[in-house]
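# Structure assessment
Below, each chain spelled out in residue letters.
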Amino acid sequence: MRRIQTGVIAVCLAAAFLSGCAGSSAQSTASSTAASSAAASSVSTTAVSANYDGGSGTQEDPYQINSVDSLLTFASNVNDGSQGGYAGVCFKLTSDLDLSGVEWAPIGNMNDMETHSTLFLGSFDGDGHTISNLSYTSDTYNCGAGLFGVSCGEVKNLTLEDATVTVTEGTSMAIGGVVGYNMGSVDNVTLKGDSTITGNNCVGGIVGGNNNSITNCMVEGATVVVIGDNHFTDKIVQADVAECGGLVVGGGFGGSIDNCTASGTVKATGNVGLGGIGGCLEMMDTITNCTADVTIESENGGHAIGGLCGYAGTHSNPDVCLETEGFSTKNYPSVIDNCNVTVNIKANGATHVGGLVGTGLYYYGEETVFKITNCSVKGSIDGAVTPGTVAGRAEGSTIESCTADVTIDGNAGTEQVGTTTQMYESADQ
């Protein structure tokens, strides 16, 4: 998960905090900056109101969106920077919308990284409604693609159905169904129906790349396809370029995930990190109360694969991320608690494979560690190299009060942690 962070987090996280857009807990802070944002905008409140279907943009009286045209206007106004990212401004979806035949442009982008006017900085409440038949395909570079491209705000109470997001350009990252790159909060969001999310790097059903809070989200029967390939040479066995994917989150670096449920399939053709909830959930303080029923298929081996997540763990120095990425962790080791997984992993030649967690990550001089408690896993692992029923590798980590009923190549698995012969060394240290 490094490349997405070093190229983006320093500037984008600053934008998030300056705009007070850390989700629902920071909505009041966001509102306090709305006046300055509005002053910077060249469009009057009256003119903006006319573009929507009611409301004034406040928390008590949000702008209403009840048509595809209004949703397209909303997307355009974020993406062209004319509204300063709508910092502190609230929107509510008031009807189901069908995007069949619509040429979609993800809401929020990184085109303006000086004033951050093209990031989404407000609040979008789906109010229980469904957006269906989203289709976005691109063969050019994307950093953040989905219904939303880049969000430092709040996205909640929304269902996305029958969505197809496909980005084939080889250096693109943060490809999600609902939010490509989340630095705010995503709550009570569902992806369902015939939905397929495809990309190279940090590919997830709900969120592609995550740096904050994801809660109460659900994925029903989706397919996530990771087309990237980590090329390991010599002693480098870490996924430096972050090719990873999961049903809820593609790659997370910081933040937390709670009470999320996922079912579906995660596929890869290359040597990547994969998981039922997330592919890479590194430097995340907590992963709690999550459930997954997932099939993971990796055609050509793979590295760091788990029914819950491929990578997990935090560094012993809580400020190492503050110094390098712009945020500080709170928990060491990372907390993984009360998660239950059913998994079928087919990954011939894959390394660091576990029923729940693949492994930690080598990061600034040490392997990150996690503590797994009160979790369960059942299913099968076929073709992997020295897998464990709970974790593929857990150097310095703790596993307590967990149950596992996992067959390994057709036989009952007996070892909670796999036996690995090589620790991590990294090209970026």
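Located above this text is the structure these notes cover.
These remarks concern the structure in this document.

Definitions and limits used
Residues numbered from 1 in each chain as written. Predicted model: local features only at pLDDT ≥ 70, side-chain atom pairs only at ≥ 80, totals over all residues. Heavy atoms only, no water. Helix = DSSP H or I, 4+ residues; strand = E, 2+ residues; numbered from the N terminus. Buried < 20%, exposed > 50% of the residue type's maximum accessible area, 1.4 Å probe, protein only. Contact = heavy atoms within 4.5 Å. Areas by Shrake-Rupley, 256 points an atom, 1.4 Å probe, with all protein chains shown as cover. Pairing = 2+ DSSP bridges. Axes fitted to C-alpha atoms, helices over the stretch in contact; angles between N-to-C directions. Salt bridge = Lys/Arg side-chain N within 4 Å of Asp/Glu carboxyl O. Phe/Tyr/Trp six-rings, centres within 6.5 Å; stacked < 30°, edge-to-face > 60°.

### A look at the overall build of the protein chain
Looking only at helices and strands, the protein chain has six helices and 38 strands in total. Looking at the protein chain as a whole, 59% of its 429 residues are labelled buried. Excluding contacts between residues fewer than 6 apart, the proportion of contacts in the protein chain whose partners are at least 24 apart in sequence is 82%. A total accessible area of about 14,600 Å² is found for the protein chain, and carbon and sulfur atoms account for 46% of it.

### Considering unusual backbone geometry
For the bond from Tyr332 to Pro333, the omega torsion is 0°, close enough to zero to count as cis. Among the secondary structure elements, Pro333 is positioned in the loop between helix H6 (320-324) and strand E28 (334-337). The phi dihedral of Asp162 is positive, around 55°, even though this residue is not glycine. Its place among the elements puts Asp162 in the loop between strand E8 (154-161) and strand E9 (164-167). Despite not being glycine, Thr386 has its phi angle at roughly 40°, a positive value. Residue classification places Thr386 among the partly exposed residues on the basis of a relative accessible area of 38%.

### Some details on the sheet that holds strand E31 (residues 357-359)
With parallel pairing, the seven strands of this open sheet are ordered in space as E7-E11-E15-E19-E23-E27-E31. Looking at strand neighbours, the two that pair on one side only are strand E7 (148-151) and E31, the edges of this open sheet. Across the sheet, the mean angle from the axis of one strand to that of its neighbour is 15°, orientation sign disregarded. Note: E7 against strand E11 (residues 179-182), three bridges, orientation parallel. Looking at E11, one finds that Ser151 is bridged to Asn182.

### What to know about the pattern of salt bridges
Any two side chains of opposite charge can pair, so long as their charged atoms come close to each other. Under the criterion given, the structure shown has four salt bridges. The salt bridge partner of Glu154 is Lys156, with a shortest N-O separation of 3.6 Å. The exposure class of Glu154 is buried, given its relative accessible area of 5%. Lys371 serves as the salt-bridge partner of Glu400, at 3.8 Å between the closest nitrogen and oxygen. Of this pair, Glu400 sits in strand E36 (residues 398-400) while Lys371 sits in strand E34 (residues 370-373), and the two are 29 residues apart along the sequence. Here Lys371 falls in the partly exposed class, since its relative accessible area comes to 32%. Ionic contacts of the salt-bridge type, sharing partners, join the residues Glu367, Arg393 and Glu395 into one network.

### Describing the packing of aromatic side chains
Scanning all chains against the criterion turns up 14 aromatic pairs. Ring geometry for Phe74 and Phe120: centres 5.6 Å apart, planes at 90°, overall edge-to-face. Taken together, the residues Phe74 in helix H5 (residues 68-79) and Phe120 in the loop between strand E3 (97-98) and strand E4 (123-132) connect sequence positions 46 residues apart. Each of the two residues, Phe74 as well as Phe120, counts as buried. Between Phe74 and Phe148, the ring centres sit 6.3 Å apart and the planes meet at 70°, which makes this aromatic pair edge-to-face. You can see Phe74 sitting in helix H5 and its partner Phe148 sitting in strand E7, a full 74 residues away along the chain. Neither residue differs from the other here; Phe74 and Phe148 are each classed as buried. Through pairs of rings, three or more aromatic residues link up here, namely Tyr52, Tyr63, Phe74, Tyr86, Phe91, Phe120, Phe124 and Phe148.

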